[in-house]
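Structural features, examined
Below are the chains, spelled out letter by letter.
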Amino acid sequence: MMNYSVDADGIATVEWDLPGRSQNVMNGDSTEAWVTAMDKAIADPAIKGIIVTSAKKDFIAGGDLEMLLAMKTAKQVFEWTGEFHKACRRFETAGKPIACAMPGSALGGGLEIAMTCHYRVAADNAKARFGLPEATLGLLPGGGGTQRLPRLIGYAAAIPLMTEGKKIKADAAARQGIIHAVVPAGTEREAAKAWLLSDAAKGVKQPWDTKGYKIPGGGLATPNGMMFFTAANAMLRDKTYGNYPAQKHILSCVYEGLGTDIDTGLKIEGRYFAACVASPEAKNMIRSLFFGIQEANKLATRPQGVPTQKFTRIGMLGAGMMGAGIAMSTATAGIEVVLLDRTQEDADKGKAYAIKQWTKLCEKGRMKPEEAQALAARIHTTADYAELRGCELVIEAVFESREIKADVTKKTEAVIAADGIFASNTSTLPITGLAEASARPKNFIGLHFFSPAEKMPLVEIIMGKETSDETLARSMDYVKAIGKTPIVVNDSRGFYTSRVFGTYVNEGMALLEEGVNPVLIDKAGLIAGMPVGPLALADEVAIDLVLKIAKQTEKDLGAAYPMNASHRVAEKLAGELGRVGKKSGKGFYDYPEGGQKHIWPELAKHYPVKPESEQPTVAQIVERLIMVQAADTVRCLEEGVLKAPIDADVGSILGWGFPPFRGGPLGWLHTIGIDKAVADLERLEKAHGARFAVPKRLRDMATKGERFFLV
Amino acid sequence: MTEAYIYDAVRTPRGKGKQGGSLNQVTPIHLGAHVLKALRERNGLDTSKVDDVIFGCVEPVGEQGADIARVATLYAGYDLSAAGVTINRFCASGLEACNMAAGQVMGGMVDLMVAGGVESMSRVPMMSSGGAWSVDPQVASDTYFVPQGISADLIATKWGMSRQDVDAYAMESQRRAKRSWDEGRFTKSVVPVTDINGLVVLDHDEHMRPDTTMESLATLKPAFADQGRNYGFDAVIMQRYPDVAAIDHVHHGGNSSGIVDGAAALLIGNKAIGDALGLKPRAKIRAYASVGSEPSIMLTGPSYSAEKALKRAGMSKSDIDLWELNEAFASVVLRFMQVMGIDHSQINVCGGAIAMGHPLGATGAMILGTVLDELERTGKSTALATLCVGAGMGTATIIERV
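For every chain, the first residue of the written sequence is number 1, and numbering continues from 1 onward in sequence order. Labels are handed out in written order, letters beginning with A for the chains and numbers beginning with 1 for the ligands. The predicted nature of this model means local features are confined to residues of pLDDT at least 70 and side-chain atom pairs, given and counted, to a pLDDT of 80 or more, with totals for whole chains, interfaces and linings taken over all residues. Each side-chain value is derived from all of the structure's non-hydrogen atoms; neither hydrogens nor water enter the calculation.

**Regarding the packing of helix H12 (residues 280-297) of chain A against helix H27 (residues 665-672) of chain A**
All names here are of chain A. Here is the rule we go by: Only C-alpha atoms enter the line fits that serve as axes; for helices the fit covers just the stretch in contact. Angles between N-to-C directions range over 0 to 180 degrees. Helical segments are the DSSP runs of H or I of at least four residues, strand segments are the runs of E of at least two, and each set is numbered from the N terminus. In this scheme, a crossing is called left-handed if the near helix is turned counterclockwise away from the far one by less than a right angle; it is called right-handed if the turn is clockwise. Should any heavy atoms of two residues lie within 4.5 Å, those residues are considered in contact. Residues are grouped as follows: Ala, Val, Leu, Ile, Met, Phe, Trp, Tyr, Cys and Pro are nonpolar; Asp, Glu, Lys and Arg are charged; every other residue, Gly included, is polar.
Where H12 meets H27, the closest approach of the two axes is 11 Å, and the angle between their N-to-C directions is 145°. Once H12 is placed against H27, the crossing between them reads as right-handed. Mapping the contact onto sequence places Pro280, Asn284 and Arg287 in H12 and Gly667, His670 and Thr671 in H27. Of the residues assigned to the contact of H12 with H27, the class counts are 1 nonpolar, 4 polar and 1 charged.

Take a look at the structure:
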């Protein structure tokens, strides 16, 4: 766990080496072992200096989130961090020089431990990253980071690193003054030792313990400091809508802590850290963003007993933006792609799109030209189905028409191997129906990517009625191979993501029909934490597409079709008024060239706006926009569309940007409590109709006192 | 209840509140002492009868720190028994000082008070005293802090005031201020600031720009667009007012109050002390009120405070002959006129802070004196003076001539 050795020069080495893990993490045991080792080195008069380092390829990856989740009360967290801070202060003020030798990344608690050392040296390791990313999970650097980093590099440089959770490379960290030196990999311990034995190390103190210490760049009680915080506060609210308390608390730790000594500052940090750990926002983000995505990436739900498939060549039908995006992701994973379209020219266009994106990355210095060339060489364009021979998987992203999809299915199956998988990227057409065109429906599956596919991390895998577990397992292997996160759903109209996402757009349009100010509707969407308001989103998706899907659904369901607001409003806008959305510059908004979009002034003619006194409050709109999604998500679970609650939440966040601080639609119900969720939905159903009806599953859970998640 | 009477009111002229401004040569303690001396000399005042001196001051630090009211009282040579206290209700501090003085008289615990304010914006700039509101991350975020200019622009946006509207209002303020000076309407109260030799440093309001035209105003760039758009403040206020699609930044230096230096003081006391000292009461204070309201839009408090004071006085809007609302920003006055149903001919008739400037801690006392002078000049009886106040407050005072 914590290797301890002393060399002939009286230098002790304390080496982090957590057993059975590839990464060192700070948890109760490892931290205790570290404290014990450090105390031992400090107490031993023969020891002249201490090297803190790691036996792994990285230094320390951060704090153990499971341990944090297990802490029940803020008091417990506050006391635990208080002990940790005391130990760190004991070490850094003991009068013995301490050097930190980092072979690789030091993140979160890892960097915080490094900052308790007097000297930090990093290996020249291109993969190493340094940063305090706690805020991305609703936490803050609670191991002294909010106090030591600004005291080291100034508040103006420290705050963005913490609030944005940026991870930077060693050279950048050195430039910023976070680490002292970058040395050739493998020599970092020698460098640390050399410093410990140098004159510079004699009687060394931390900057903040040195007489006459001044905060770099000046303190906060200055006109500059006041202006900085005034603007930082507003800009943070601009970005977060007040939904992410961790970032605000980071600002407060710096604001309150820098006005005092470091020991007091650490106490202030401890209080805000405890508040973060205890916050529902952190619990939701840790559960969904961290553990949820981690489990999904590990393919926790993959059917067992199927050997892992390694993909070498896949086929991509349709070279539009979606097809090109999937081809990019696939090529990036080292897999050959046959990119096929009706004509060679169309196929080439898709490849040109990919090359253009990679060229942009090269221009930004994020990719080397030779890498881009190698990737492009993996994409083979064609109009000839014979070229698909040898593909282990073929994905179609052709026009959303049953006939066309049936045609390409048959043409593909004629050339690919009998065990080849055929996947449809449809977002709307049920997979079971599409599989009817297949001679091998067991090998037919839905792989629903999101646009732009080269960037969006989610793939919704849809099981048709006949799809085999083997096909599912192998498809999951592909999703993992291209570095995306899969969720698995059963076949249903709109599957999971499109269906529930549609309820958000529909609710926006229902509000519009009720005479709610469209500006207020979309602002409420943003305040709810959604990335885009529902009307602006409909514009981006295209209102004619919304209408087309609604009409198709109406045709398929016949008399059972529930007419809804989004169908009516889309009919009015796209059908009657020809306002199809952003692509034509005209939707709910006008998009003047070179100007800011604004609500179409004549929208009020068609949807008169109620007087201000009759408008709902923002909170009421926010509740509707969120609860309508949550209710339908429970229905998906109830109907078996979704198998696991965590899939619902991961899919919602990665798929359509459901606010992470809420955890996901189910995470949000979990947050407010199942009993309250039932009561809220009853009230909303009474006021706004059956789309808010309490799903039976939720009512049963309330009765039995069940919950979706443990924490 | 004892009545509180105004026996006298004086003010300094207002100097441009920056380096090069005439009163930048003069320390705030000197400005404060100057108006105290003027009150004493004009009224042959036995200062041993003064119970307390209340001064408003919005940046009470540095030269204005450590209870400037008490030290100015000492420096002015008042009897040592006259106490001094400094208060801060942001822009209404000077009026609040008068209200507190009146309240103490009415309560019967004092006989004679001096109330006023002082602010050298050139020597102790705005924001010098810091404060948690905008800076403390918890406070700023939870209360949707934005700078006042953004609030003023929201008011214009929300209630449909165009750039043309606010500029036209500003023009009129300049015109009225010039007319008032030309006609000598301020002569009774303005006491020129003099130096150690008795030489005049400033004898007029030097911030005025009587040559202002709509065209010259039109050339000015919106003052708050940059901080609104690039530092998140537009977004913050639109989160608080989510039915607003975009902020129309209409305010600039020409239609906002000027940054100036100055001081003012009023002599307020009960009837008996006036009789004993041979002072003639000019008006009585009928009622006063301060209110808090939503702090992000911040500047709509005056109508609430006016309504509250009217109710307290048992008066209605039609009982007020003249209105005085500090011209912090043009939209503040335009909105007040909308809400209260007041014609422009009844409000700020002598011009206001857009033309003459707004020495933060002193302005409330200045406008109360100005409107009293105007009542006397026109033979009218009642007036209501009010100011919008930072953090969503409003303060109002109703006076009636006797």
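Now that the structure has been shown, we can carry on.
**Topic: the sheet that holds strand E1 (residues 2-6) of chain A**
All names here are of chain A. Counted only if it meets this: Two strands are counted as paired when DSSP detects at least two bridges linking them.
Spatially, E1-E2-E3-E4-E6-E9 is the arrangement adopted by the 6 strands of the open sheet, whose pairing is mixed. Both edges of this open sheet fall to E1 and strand E9 (181-184), since each of them pairs with a single strand only. On average, each strand axis in the sheet is inclined to that of its neighbour by 20°, with strand direction left out of account. Of the pairings in the sheet, the one linking strand E2 (residues 11-16) to strand E3 (residues 49-54) comprises 6 bridges and is parallel in character. Opposite Thr13, over in E3, you have Ile51 as the bridge partner. Across the sheet, helix H8 (residues 188-196) touches E2, E3, strand E4 (98-102), strand E6 (119-124) and E9, and the angle it forms with E4 is around 165°.

**Re H27 of chain A**
Rule in force here: Here's how the labels work: a residue is buried when its accessible area is under 20% of the maximum for its type, exposed when over 50%, partly exposed in between, all with a 1.4 Å probe on protein chains only.
The buried fraction of H27 of chain A is high, at 6 of 8 residues. When H27 of chain A is considered as a whole, its buried residues turn out to be Pro665, Leu666, Gly667, Trp668, Leu669 and His670 of chain A.

**What about the domain arrangement of chain A?**
Residues and elements named next belong to chain A. Note the cut-off: Where each domain begins and ends is defined by an automated method or by a domain database. Any Lys or Arg side-chain nitrogen found within 4 Å of a carboxyl oxygen on Asp or Glu counts as a salt bridge.
Domains assigned within chain A are domain 1 (2-278), domain 2 (313-492) and domain 3 (498-640 + 644-704). The C-alpha centroid of domain 3 is placed 30 Å from the C-alpha centroid of domain 2. Counting from both sides, the interface comprises 15 residues of domain 2 and, opposite them, 12 residues of domain 3. The interface formed by domain 2 and domain 3 holds 1 salt bridge in total. Asp556 is paired through a salt bridge with Arg402; the nearest N and O atoms lie 3.3 Å apart.

**Let's talk about the side chain of Thr116 of chain A**
Residues and elements named next belong to chain A. Heads up, the condition is: Under the rule applied, a polar contact is a pair of N or O atoms within 3.5 Å (in protein, one hydrogen donor and one hydrogen acceptor; residues adjacent in sequence only if both atoms are side-chain atoms).
Structurally, the position occupied by Thr116 is in the loop between helix H4 (109-115) and E6. The buried category is assigned to Thr116, whose relative accessible area is 2%. For Thr116, the side chain forms a polar contact with the main-chain oxygen of Ile113, separated by 2.6 Å. Dropping the residues within four chain positions of it, Thr116 is found in contact with Trp34, Cys88, Glu92, Arg148 and Gln206.

**Side note on empty space enclosed by the protein**
Residue and element names in this part refer to chain B. Applied cut-off: Residues are called lining when one of their atoms sits within 4 Å of a cavity or pocket point, these points coming from a 1 Å grid over the protein atoms alone, where a cavity is a set in which a 1.4 Å probe fits but cannot get out and a pocket is an open set with protein on both sides within 12 Å along at least five of seven lines. Grid points are joined across faces, edges and corners, and a volume is the space filled by probe spheres set on the points.
For the structure shown, the criterion picks out 4 cavities of 30 Å³ or more. Of the volumes computed, that of the largest cavity is approximately 60 Å³. In this structure, the largest cavity is lined by Arg14, Glu324, Asn326, Gly351, Gly352, Ala353, Met356, Gly357, Thr363, Met366, Ile367 and Thr370. Only helix H13 (353-356) and helix H14 (360-378) provide two or more residues apiece to the lining of the largest cavity. The dominant element in the lining of the largest cavity, judged by the number of residues it contributes, is H14, at 4 residues.

**A short note on the interface of chain B and chain A**
The test is simple: What counts as buried area is the accessible surface, traced by a 1.4 Å probe, that two parts surrender upon association, with contributions from both included.
Each side of the interface is counted separately: chain B has 27 residues, and chain A has 25 residues. Approximately 2,200 Å² of surface area, both sides summed, lies buried where chain B meets chain A, with 60% of it carried by carbon and sulfur atoms. Together, Val135, Pro137 and Gln239 of chain B form the three largest contributors to the area buried by chain B at its contact with chain A, with a combined 28%. Across the chain B-chain A interface, the total number found is 2 salt bridges. For Asp142 of chain B, the salt bridge goes to Lys248 of chain A, with nearest N and O atoms at 2.6 Å. Where chain B meets chain A, there are 10 residue pairs in polar contact (both at pLDDT 80 or more).

**Focus on the side chain of Arg120 of chain A**
Residues and elements named next belong to chain A. Under the convention used in this document: In this count, Lys and Arg are taken as positive residues and Asp and Glu as negative ones, while His and the chain termini are left out.
Turning to its location among the elements, Arg120 is positioned in strand E6. No salt bridge forms around the buried Arg120; measuring N to O, its nearest opposite-charge neighbour Glu92 is 7.5 Å away. Within the structure, Arg120 has its side chain in polar contact with the backbone oxygen of Ile178 (distance 2.6 Å). Beyond its immediate stretch of four places on either side in the chain, Arg120 contacts Cys100, Met102, Ala114, Met115, Leu152, Ile178, Ile179, His180 and Ala181.

**Quick look at the packing of aromatic side chains**
Our working rule: Only centres within 6.5 Å qualify two rings of Phe, Tyr or Trp (six-membered ring in Trp) as a pair; their planes then separate them into stacked at under 30 degrees, edge-to-face at over 60, and tilted for everything else. Here, a charge over a ring means that NZ of Lys or CZ of Arg falls within 6 Å of the ring centre while also lying within 35 degrees of the ring normal.
Across all of its chains, the model carries 23 aromatic pairs over all chains by this definition. A ring pair is formed by Trp133 of chain B and Phe145 of chain B, whose centres lie 4.8 Å apart and whose planes are at 80°; its orientation type is edge-to-face. Here Phe145 of chain B lies in the loop between helix H4 (137-142) and helix H5 (148-158) and Trp133 of chain B lies in the loop between strand E5 (112-120) and H4, a separation of 12 residues in the sequence. Here Phe145 of chain B falls in the buried class, since its relative accessible area comes to 12%. Ring geometry for Trp181 of chain B and Phe186 of chain B: centres 5.4 Å apart, planes at 65°, overall edge-to-face. On the basis of relative accessible area, Trp181 of chain B is assigned to the partly exposed category, the value being 22%. A relative accessible area of 3% means that Phe186 of chain B is categorised as buried. In textbook terms, an aromatic cluster arises when at least three aromatic residues are bridged by ring pairs, as seen for Trp16, Trp34, Trp80, Phe84 and Phe91 of chain A. Above the face of the Tyr144 of chain B ring, Arg237 of chain A is positioned so that its terminal group lies 4.0 Å from the ring centre.

**Notes on unusual backbone geometry**
Residues and elements named next belong to chain A. Put simply, Ser451 and Pro452 share a cis peptide bond, and its omega is -5°. Relative to the elements of secondary structure, Pro452 occurs in the loop between strand E15 (444-449) and strand E16 (458-463). Although it is not a glycine, Phe495 adopts a positive phi angle of roughly 50°. One can find Phe495 in the loop between strand E17 (485-490) and helix H19 (497-513).

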